[in-house]
Amino acid sequence: MEYTFRAVTRNPGIIIWRVEKMELVQVPEKSFGNFFEGDCYLLLFTQKLNSSLSYNIHFWIGSESTQDEQGAAAVYTIQLDDFLGSSPVQYREVQHHESDMFKGYFKNGIIYKKGGVASGMRHTETNAYDIERLLHVKGKKRIIAKEVEMSWNSFNTGDVFLLDLGKTIIQWNGPKSNKQERLKGMLLAKDIRDRERGGRAEIRVIEGDAESSSPQNMEVMKNILGERPSNLPDGTPDETVDQEAKGKLTLYCVSDADGQMKVAEIASNPLVQDLLSHDDCFILDQGGSKIFVWKGKKANKAERQAAMSRALDFIKAKNYPMTTNVESVNDGAESALFKQLFQKWTVKDQTQGLGKVNTRGKIAHITQEKFDASLMHSMPDVAAQERMVDNGGGQVEVWRVEDLELAPVDPKGYGYFYGGDCYLILYTYLVNNKKCYLLYIWQGRHATQDELAASAFQAVNLDQKYNDEPVQVRVTMGKEPRHFMAMFKGKMVIFDGGTSRSGSSDPEPPVRLFQVRGSDQSNTKTIEVPALATSLNSNDVFLLKSQTGIYLWCGKGSSGDERAMAKEVSSVVGLGSEKGFEEIVAEGQEPVEFWELLGGKAPYANDKRLQQVVLDHEPRLFECSNKTGRFIVNEVAQFTQDDLSEDDVMLLDTWDQLFLWIGKEANEVERKEAVVTSQEYLRTHPVDRDQDTPIILIKQGFEPPTFTGWFAAWDPSKWSGGKSYEELKKDLGEDLTPIVLQPEESAETEKSFQNFPPDMLVNKQPDELPEGVDPSEKEKHLSDADFASLFGMSKDDFASLPQWKQLKLKKEKGLF
């Protein structure tokens, strides 16, 4: 068993296995989110709740998988549960009917692929272009994309479709699809491009209600799919479950004392925790929409291990669909969702009200061994398990994009990243004396569009210099993976804006505040936040740097490891300034000068609940709607700030209060009905919730710290700086150039560009250009003859080049 689950460690994250010939085979990380319909999978999600670990095991059943494979997946689930000390929560997931929790792991969506291991289907290798498929994209918050027949018969007007041709991905948006679906479709297309094609594919977009404005792209679709029918059917609405139905709870006691399973109904809602006896197993039926199994600590092993099959027998007896979602929880390690179905949930040895909770079950001995990164080179299997090529001790080279070229960064400045810059980091490590490369492309939040484009084409240049060997990793500011942090040994600092270029005119602000997150050298990063009291958070450690010294502020919820790492980081943040004082300040013991530096005392995310080590009821985010006349609540699992979309009303339930967040674009009816919506949510909740629970209404862009504190790394500038669907579409830029150019169409597009002689365009600053010339499209104002003599090719040949190559040529010719 230890060999089967050798990839399991104590590190937070996801591991996925596929059942192949009745054996478990680990799925590479780049294929996460892709599931073959003919297969079964096991997924382990590990998260750290302060000092203890919690595990979720999901076994996923493809609609075309065999009974044998389903049986093997169930057996492996029991074995993995046993291996982890019987503490995980288990979920049975059936294709098309996955739980919110499962969908929440795949922010960019899930793709169902035809076939399976039996038909020789492998998980895609990066840079595999030999692909032709049509993906039907459904959903708003957490999307599912299914491979469908390559034909117009698969299309409808209400959804988004991706025609994936390997080197080109065409997104076709149904005229009745909404903005959120289009945005999610585009993020999925970009994810396929970056993860499966190593960034080397073009994305084109066709708006279904304006096909005539994309004639070349429509021509490609016609060549692949045939003539488009004049009428396409409407889309089918996404399946939803009425909140009223979810509120009906029935608890059953399960026993097989005389060798036969007996299920006896013992209570209906409201349910109390005392109904659960440690000696038995129980089934909780949530209105037929979901089944929970609770396994008592003192129930015999056979009974506990048979719990999932008992749930399936129960589903059959009730005539519920076999796709019904099942969640199996252990006594003492219940999920947040399960606990919220009971009126009052207390944990053994817990202080009354809020306080520390006991640890969740025992953890198998093997997982307690501290991961030693120094063994990476001699033990590559450990590297695979950790998803870290090594401990970050290889050779690091850093370049900054400067005037669209690469400028080497002084090694003294390694680990410093500025929000106004883009960087390329080449990481070289040895495997059996052979050099291997990782190429990270780090893009600052405030970098210009030109710099973002330049970082992409400079990465291609560098990639080619190393014979296309480097693995390219695109990193957005604030989303750095663990290995990236490990390269800088915990001393990685992200400055919000500015640049590290020499001769930068921006003086250093007199007061800076940094949030330190992480507990060891492989997972620590320090991010600059606005130097205001409202930026503080009781869960973390902050460094407040002034011209005279540094305060190290320790929130009540921070751990000793986090404080120790912050102390190391303070020496890095203090570099370049006079060595002043360094003072450790505990939350609540701040000197007057501390608040003065932050512009005065102000409320921050210090909700008493944020200070608790483990929450009684974990916060949950919901999308609420009564558009259909029925009250529908959809949970958004694993939520982040990105899940708050501008056209929605979202409900954040922290149990003792409800936050209603109203997006700028939410429709008038939903805005007016918002409070009624939240009252309806309380009324229909499976537990008798206090109808007087405070309801806090929040408008987008005006979020208080009591709200933002529930989101990791809240970005206050997101609403002004976050990109809309239209902006993302514009960013694709030259990707929207045609694949197949028809002569009469290219002539037509040229009409709108007035021609000018080269000497009026080449090497000219924007203010020196003739009126009406867009600085990013100077080449379009050249006549055909001038263009050919300058570039040595026709406009058509130029348009067919990839974007990075076009940019490179324009730069060489003085037209960038």
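Residues numbered from 1 in each chain as written. Predicted model: local features only at pLDDT ≥ 70, side-chain atom pairs only at ≥ 80, totals over all residues. Heavy atoms only, no water.

A.B. asks: Sorry if this is basic, but what is going on with the side chain of T324 here?
C.D. replies: Along the chain, the position of T324 falls in the loop between α7 (307-317) and β17 (325-330). In terms of polar contacts, T324 uses its side chain to reach the backbone carbonyl oxygen of P321, at 2.6 Å. Setting aside residues no more than four positions away along its own chain, T324 makes contact with R92, G288, S289, K290, I291 and I315. (Helix = DSSP H or I, 4+ residues; strand = E, 2+ residues; numbered from the N terminus. Polar contact = N/O pair within 3.5 Å; in protein donor to acceptor, adjacent residues only side chain to side chain. Contact = heavy atoms within 4.5 Å.)

A.B. asks: Would you mind going over helix α10 (residues 449-465) with me for this structure?
C.D. replies: The periodicity of an α-helix, 3.6 residues per turn, causes residues three or four positions apart to be oriented the same way. The first and last C-alpha atoms of α10 sit 25 Å apart over 17 residues, in line with the 24 Å expected at 1.5 Å per residue. With 12 of its 17 residues buried, α10 lies for the most part within the structure. When α10 is considered as a whole, its buried residues turn out to be E451, L452, A453, A454, S455, F457, Q458, A459, V460, N461, L462 and D463. Within two residues after α10, N467 carries a phi angle of roughly 55°, on the positive side. (Expected span 1.5 Å × (residues − 1). Buried < 20%, exposed > 50% of the residue type's maximum accessible area, 1.4 Å probe, protein only.)

A.B. asks: Help me out: how do you make sense of the nonpolar core in this one?
C.D. replies: F417, I425, W442 and F484 are the most contacted members of the largest nonpolar core, which totals 35 residues. Those residues in contact with F417 that lie beyond four places of it in its chain are Y423, I425, W442, F484, F488, M492, V493, I494 and F495. (Core = buried A, V, L, I, M, F, W, Y, C linked by side-chain atoms within 4.5 Å.)

A.B. asks: What is the right way to read empty space enclosed by the protein from this model?
C.D. replies: The final tally for this structure, using the stated rule, is 3 cavities of 30 Å³ or more. By volume, the second largest cavity amounts to about 60 Å³. Lining the second largest cavity, in full, are F32, G33, N34, G109, I111, L188, D191, I192, R195 and E196. Top contributing element to the lining of the second largest cavity by residue count: helix α3 (residues 179-196), with 5 residues. (1 Å grid on protein atoms, 1.4 Å probe; cavity = no way out; pocket = protein on both sides within 12 Å on 5 of 7 lines; lining within 4 Å. Points joined across faces, edges and corners; volume = space filled by probe spheres on them.)

A.B. asks: Could you clarify how one ought to interpret the environment of D656 in this entry?
C.D. replies: Positionally, D656 belongs in the loop between β32 (649-653) and β33 (658-662). Each C-alpha atom, one on D656 and one on D690, is 8.9 Å from the other, the two residues being 34 residues apart in sequence.

A.B. asks: Help me understand the pattern of salt bridges in this model?
C.D. replies: Pairing of side chains with opposite charge becomes possible as their charged atoms draw close. Under the criterion given, the structure shown has 24 salt bridges. Here R512 and E528 are joined by a salt bridge, their closest N and O atoms 2.9 Å apart. Of the two residues, R512 is situated in strand β25 (residues 512-517) and E528 in strand β26 (residues 525-529); the sequence distance between them amounts to 16 residues. Judged by its relative accessible area of 13%, E528 is buried. (Salt bridge = Lys/Arg side-chain N within 4 Å of Asp/Glu carboxyl O.)

A.B. asks: How should I be thinking about the sheet that holds strand β6 (residues 89-94) in this particular structure?
C.D. replies: Strand pairing in a sheet is mediated by backbone hydrogen bonds. Such pairs are either parallel or antiparallel. Strand order in this open sheet of 10 strands is β2-β1-β4-β5-β6-β17-β16-β15-β13-β14, and the pairing throughout is mixed. Here the strands that pair on one side only, and so sit at the sheet edges, are β2 (23-26) and β14 (262-268). The sheet shows a mean angle of 25° between the axes of neighbouring strands, taken without regard to direction. As paired strands, strand β1 (residues 13-20) and β2 are joined by 4 bridges and run antiparallel to one another. Pairing of W17 across the sheet is with Q26, part of β2. Its contacts with the sheet put helix α1 (residues 67-83) on β1, β2, β4 (40-49), β5 (52-61), β6, β16 (290-295) and β17, and the angle it makes with β4 is roughly 25°. Docked against the sheet, α7 engages β5, β6, β13 (249-255), β14, β15 (281-286), β16 and β17, running at close to 145° with respect to β16. (Pairing = 2+ DSSP bridges. Axes fitted to C-alpha atoms, helices over the stretch in contact; angles between N-to-C directions.)

A.B. asks: How should I be thinking about unusual backbone geometry in this particular structure?
C.D. replies: For residues besides glycine, phi is generally negative; the peptide bonds are generally trans as well. Of note, the phi angle at D403 is positive, near 50°, even though the residue is not glycine. With relative accessibility at 63%, the residue D403 sits in the exposed group. The backbone of K489 sits at a positive phi, close to 50°, despite the residue not being glycine. Tracing the backbone shows K489 in the loop between α11 (482-487) and β24 (493-495).

A.B. asks: Hey, could you run me through the sheet that holds strand β12 (residues 202-207) in this one?
C.D. replies: Taken together, the 7 strands give an open sheet; going across it, the order is β3-β7-β9-β8-β10-β11-β12, and neighbouring strands pair in mixed fashion. This sheet does not close on itself; its edge strands, each paired only once, are β3 (34-36) and β12. On average, adjacent strands in this sheet sit at an angle of 25° to one another, irrespective of strand direction. Looking at chain direction, strand β10 (residues 160-164) and strand β11 (residues 168-173) are connected through 5 bridges and run antiparallel.

A.B. asks: Just checking my understanding: could you explain the environment of P12 for this structure?
C.D. replies: Tracing the sequence through the fold places P12 in the segment before β1. Separated by 33 residues in the primary sequence, P12 and F45 place their C-alpha atoms 7.4 Å from one another. With residues near it in sequence (within four places) discarded, P12 still touches T46, Q47 and K48.

Honestly, it's all geometry; don't read function into it.
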